[in-house]
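# Overview (structure and organization)
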Amino acid sequence: AHPRISRVSWVNKTIFRAAAKEKVWRWTRRRLIFTKIRQRAARGQAFMAGLIAEKSRQWFQFVKARQKWLPGVLLAALVWAAFLPALENNFVSYDDPDYVTANPRVQSGLTWENIGWAFTTLHIANWHPLTWLSHMLDCEIFGLEPWGHHLTNLLLHTANTLLLFWILAGMTGA
(Lines give C-alpha, C1' and ligand atoms only; values in the text may rest on other atoms or scores of the structure.)
Protein backbone atom coordinates (compact mmCIF):
# COMPACT_ATOMS: atom_id res chain seq x y z
CA ALA A 1 0.00 0.00 0.00
CA HIS A 2 1.15 3.52 0.54
CA PRO A 3 3.99 3.97 2.98
CA ARG A 4 3.17 7.50 4.10
CA ILE A 5 -0.59 7.17 4.25
CA SER A 6 -2.11 5.02 6.88
CA ARG A 7 -4.63 2.48 5.83
CA VAL A 8 -7.47 4.35 7.50
CA SER A 9 -6.55 7.63 5.93
CA TRP A 10 -6.17 5.95 2.52
CA VAL A 11 -9.65 4.42 2.87
CA ASN A 12 -11.06 7.76 3.97
CA LYS A 13 -9.39 9.45 1.01
CA THR A 14 -10.76 6.84 -1.40
CA ILE A 15 -14.24 7.18 0.06
CA PHE A 16 -13.98 10.96 -0.14
CA ARG A 17 -12.84 10.74 -3.75
CA ALA A 18 -15.67 8.35 -4.58
CA ALA A 19 -18.14 10.64 -2.85
CA ALA A 20 -16.67 13.64 -4.61
CA LYS A 21 -16.85 11.81 -7.93
CA GLU A 22 -20.47 10.87 -7.20
CA LYS A 23 -21.25 14.46 -6.32
CA VAL A 24 -19.51 15.68 -9.46
CA TRP A 25 -21.28 12.99 -11.45
CA ARG A 26 -24.65 14.04 -10.04
CA TRP A 27 -23.87 17.65 -10.73
CA THR A 28 -22.65 16.82 -14.25
CA ARG A 29 -25.67 14.61 -14.84
CA ARG A 30 -27.98 17.40 -13.69
CA ARG A 31 -26.20 19.84 -16.01
CA LEU A 32 -26.48 17.35 -18.87
CA ILE A 33 -30.18 16.83 -18.21
CA PHE A 34 -30.85 20.57 -18.02
CA THR A 35 -28.73 21.12 -21.12
CA LYS A 36 -30.71 18.49 -22.99
CA ILE A 37 -33.95 20.02 -21.79
CA ARG A 38 -32.79 23.45 -22.94
CA GLN A 39 -31.67 22.04 -26.28
CA ARG A 40 -34.97 20.25 -26.80
CA ALA A 41 -36.84 23.39 -25.84
CA ALA A 42 -34.71 25.40 -28.26
CA ARG A 43 -35.37 22.83 -30.99
CA GLY A 44 -39.06 22.90 -30.13
CA GLN A 45 -39.06 26.68 -30.25
CA ALA A 46 -37.22 26.58 -33.56
CA PHE A 47 -39.66 23.97 -34.83
CA MET A 48 -42.64 26.05 -33.68
CA ALA A 49 -41.10 29.20 -35.12
CA GLY A 50 -40.55 27.38 -38.42
CA LEU A 51 -44.06 25.98 -38.33
CA ILE A 52 -45.55 29.39 -37.61
CA ALA A 53 -43.44 30.97 -40.36
CA GLU A 54 -44.54 28.28 -42.85
CA LYS A 55 -48.22 28.60 -41.92
CA SER A 56 -48.10 32.39 -42.14
CA ARG A 57 -46.35 32.15 -45.52
CA GLN A 58 -49.08 29.78 -46.72
CA TRP A 59 -51.76 32.16 -45.40
CA PHE A 60 -50.25 35.15 -47.20
CA GLN A 61 -50.02 33.13 -50.44
CA PHE A 62 -53.68 32.14 -49.98
CA VAL A 63 -54.69 35.77 -49.48
CA LYS A 64 -52.51 36.96 -52.37
CA ALA A 65 -54.04 34.37 -54.70
CA ARG A 66 -57.51 35.46 -53.66
CA GLN A 67 -56.64 39.09 -54.30
CA LYS A 68 -56.12 38.19 -57.95
CA TRP A 69 -59.57 36.61 -58.08
CA LEU A 70 -61.42 39.30 -56.17
CA PRO A 71 -61.73 41.78 -59.08
CA GLY A 72 -62.98 38.97 -61.31
CA VAL A 73 -65.61 38.00 -58.76
CA LEU A 74 -66.67 41.64 -58.45
CA LEU A 75 -66.90 41.98 -62.24
CA ALA A 76 -69.01 38.82 -62.47
CA ALA A 77 -71.27 40.16 -59.70
CA LEU A 78 -71.66 43.44 -61.60
CA VAL A 79 -72.59 41.59 -64.80
CA TRP A 80 -75.17 39.53 -62.93
CA ALA A 81 -76.56 42.61 -61.18
CA ALA A 82 -76.91 44.42 -64.52
CA PHE A 83 -78.39 41.58 -66.59
CA LEU A 84 -80.29 39.44 -64.05
CA PRO A 85 -83.56 41.35 -64.58
CA ALA A 86 -83.45 40.23 -68.23
CA LEU A 87 -84.48 36.73 -67.11
CA GLU A 88 -87.99 38.07 -66.49
CA ASN A 89 -88.32 39.63 -69.94
CA ASN A 90 -89.93 38.16 -73.06
CA PHE A 91 -88.53 37.94 -76.56
CA VAL A 92 -88.38 41.25 -78.38
CA SER A 93 -89.67 41.90 -81.87
CA TYR A 94 -86.43 43.48 -83.10
CA ASP A 95 -84.49 40.40 -84.26
CA ASP A 96 -85.82 37.53 -82.15
CA PRO A 97 -88.36 36.48 -84.79
CA ASP A 98 -85.62 36.12 -87.42
CA TYR A 99 -83.25 34.31 -85.06
CA VAL A 100 -85.55 32.28 -82.79
CA THR A 101 -89.32 32.66 -82.59
CA ALA A 102 -90.14 32.51 -86.32
CA ASN A 103 -87.17 30.42 -87.48
CA PRO A 104 -88.19 26.77 -88.00
CA ARG A 105 -84.55 25.62 -88.37
CA VAL A 106 -83.60 26.99 -84.96
CA GLN A 107 -86.80 25.78 -83.31
CA SER A 108 -86.24 22.21 -84.50
CA GLY A 109 -83.03 22.06 -82.43
CA LEU A 110 -79.64 20.51 -83.08
CA THR A 111 -79.72 18.06 -85.95
CA TRP A 112 -77.01 17.20 -88.45
CA GLU A 113 -79.01 18.95 -91.16
CA ASN A 114 -79.40 22.11 -89.04
CA ILE A 115 -75.69 22.10 -88.10
CA GLY A 116 -74.80 21.97 -91.80
CA TRP A 117 -77.27 24.80 -92.46
CA ALA A 118 -75.71 26.90 -89.66
CA PHE A 119 -72.26 26.68 -91.30
CA THR A 120 -73.45 27.42 -94.85
CA THR A 121 -76.23 29.98 -94.55
CA LEU A 122 -76.06 33.72 -94.89
CA HIS A 123 -79.49 34.11 -93.35
CA ILE A 124 -80.15 37.72 -92.32
CA ALA A 125 -77.03 38.75 -94.28
CA ASN A 126 -74.65 37.38 -91.61
CA TRP A 127 -72.47 34.31 -91.37
CA HIS A 128 -72.36 33.36 -87.69
CA PRO A 129 -72.65 29.62 -87.21
CA LEU A 130 -71.93 29.72 -83.46
CA THR A 131 -74.88 32.05 -82.93
CA TRP A 132 -77.16 29.65 -84.81
CA LEU A 133 -75.81 26.65 -82.92
CA SER A 134 -76.28 28.45 -79.60
CA HIS A 135 -79.89 29.32 -80.44
CA MET A 136 -80.56 25.74 -81.58
CA LEU A 137 -79.12 24.38 -78.34
CA ASP A 138 -81.23 26.83 -76.33
CA CYS A 139 -84.36 25.69 -78.16
CA GLU A 140 -83.32 22.08 -77.59
CA ILE A 141 -82.92 22.66 -73.83
CA PHE A 142 -85.44 25.41 -72.97
CA GLY A 143 -87.87 25.35 -75.88
CA LEU A 144 -89.29 28.80 -76.56
CA GLU A 145 -89.05 29.91 -72.94
CA PRO A 146 -87.36 33.34 -73.02
CA TRP A 147 -85.73 33.04 -69.58
CA GLY A 148 -83.56 30.14 -70.77
CA HIS A 149 -82.28 32.07 -73.78
CA HIS A 150 -81.62 35.10 -71.57
CA LEU A 151 -79.80 32.89 -69.04
CA THR A 152 -77.50 31.63 -71.80
CA ASN A 153 -76.76 35.24 -72.77
CA LEU A 154 -76.07 36.12 -69.13
CA LEU A 155 -73.62 33.23 -68.80
CA LEU A 156 -71.88 34.18 -72.07
CA HIS A 157 -71.59 37.83 -70.97
CA THR A 158 -70.11 36.74 -67.63
CA ALA A 159 -67.62 34.40 -69.31
CA ASN A 160 -66.55 37.10 -71.79
CA THR A 161 -66.13 39.69 -69.04
CA LEU A 162 -63.92 37.35 -67.00
CA LEU A 163 -61.97 36.29 -70.08
CA LEU A 164 -61.23 39.91 -71.01
CA PHE A 165 -60.28 40.73 -67.42
CA TRP A 166 -57.83 37.79 -67.17
CA ILE A 167 -56.31 38.54 -70.57
CA LEU A 168 -55.76 42.20 -69.66
CA ALA A 169 -54.43 41.27 -66.21
CA GLY A 170 -52.00 38.82 -67.82
CA MET A 171 -50.87 41.34 -70.42
CA THR A 172 -50.27 44.10 -67.89
CA GLY A 173 -48.78 41.84 -65.20
CA ALA A 174 -51.36 43.02 -62.67
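Before reading on, note that the structure itself is shown above.
The sections below set out a description of the structure shown in this document. (Residues numbered from 1 in each chain as written. Predicted model: local features only at pLDDT ≥ 70, side-chain atom pairs only at ≥ 80, totals over all residues. Heavy atoms only, no water.)

This part is about the packing of helix α5 (residues 129-142) against helix α6 (residues 146-172). The axes of two packed helices give the description: the angle between them and the distance between them. Running from N to C, α5 and α6 point in directions that differ by 135 degrees, and their axes come no closer than 9 Å. Here α5 is positioned oblique relative to α6, judged by the angle of their axes. Relative to α6, the crossing made by α5 is right-handed. Along the contact surface, α5 presents S134, H135, D138, C139 and F142, while α6 presents W147, G148, H149 and T152. (Axes fitted to C-alpha atoms, helices over the stretch in contact; angles between N-to-C directions. Helix = DSSP H or I, 4+ residues; strand = E, 2+ residues; numbered from the N terminus. Parallel < 35°, antiparallel > 145°, perpendicular 65-115°, else oblique. Left-handed = near helix turned anticlockwise from the far one by under 90°. Contact = heavy atoms within 4.5 Å.)

The next thing to look at is the nonpolar core. Y99, V100, V106, W117, A118, W132, L133, M136 and C139 form the largest nonpolar core, which has nine residues in total. For this core, the secondary structure elements donating two or more residues are α2 (96-101), α4 (112-120) and α5. It is α5 that provides the largest number of residues to this core, a total of four residues. Discounting residues that sit within four places of it in the chain, W117 has contacts with N103, R105, H123, W132 and M136. (Core = buried A, V, L, I, M, F, W, Y, C linked by side-chain atoms within 4.5 Å. Buried < 20%, exposed > 50% of the residue type's maximum accessible area, 1.4 Å probe, protein only.)

This next bit is on the packing of aromatic side chains. If you walk through the whole model with that rule in mind, you get three aromatic pairs. Through a chain of ring-to-ring contacts, three or more aromatic side chains come together here, namely Y99, W117 and W132. (Phe/Tyr/Trp six-rings, centres within 6.5 Å; stacked < 30°, edge-to-face > 60°.)

A word on the layout of surface pockets. By volume, the largest pocket is sized at about 410 Å³. Taken together, 21 residues line the largest pocket, and the ones lying closest to its centre are D96, H135, H149, H150 and N153. Those elements that provide at least two residues to the lining of the largest pocket are α2, α5 and α6. Tallying contributions element by element places α6 first for the lining of the largest pocket, with six residues. Looking at the lining of the largest pocket residue by residue, the class counts come to nine nonpolar, nine polar and three charged. (1 Å grid on protein atoms, 1.4 Å probe; cavity = no way out; pocket = protein on both sides within 12 Å on 5 of 7 lines; lining within 4 Å. Points joined across faces, edges and corners; volume = space filled by probe spheres on them. Nonpolar A, V, L, I, M, F, W, Y, C, P; charged D, E, K, R; others polar.)

A surface patch of nonpolar side chains, amounting to about 510 Å² of accessible area, comprises L163, L164, I167, L168 and M171. Looking at the secondary structure, you find L168 in helix α6. Take L168: its relative accessible area is 45%, and that puts it in the partly exposed class. (Patch = residues over 30% accessible without salt bridge, like charges linked within 9 Å, V, L, I, M, F, W, Y side chains within 5 Å. Areas by Shrake-Rupley, 256 points an atom, 1.4 Å probe, with all protein chains shown as cover. Salt bridge = Lys/Arg side-chain N within 4 Å of Asp/Glu carboxyl O.)

Counted at 1.5 Å a residue, the expected span for α6 with its 27 residues is 39 Å, and the 39 Å between its end C-alpha atoms agrees. Buried within α6 are the following residues: P146, G148, H149, H150, T152, L154, T158, L162, F165 and A169. Looking one or two places after α6, you find G173, whose phi comes out positive at around 75 degrees. (Expected span 1.5 Å × (residues − 1).)

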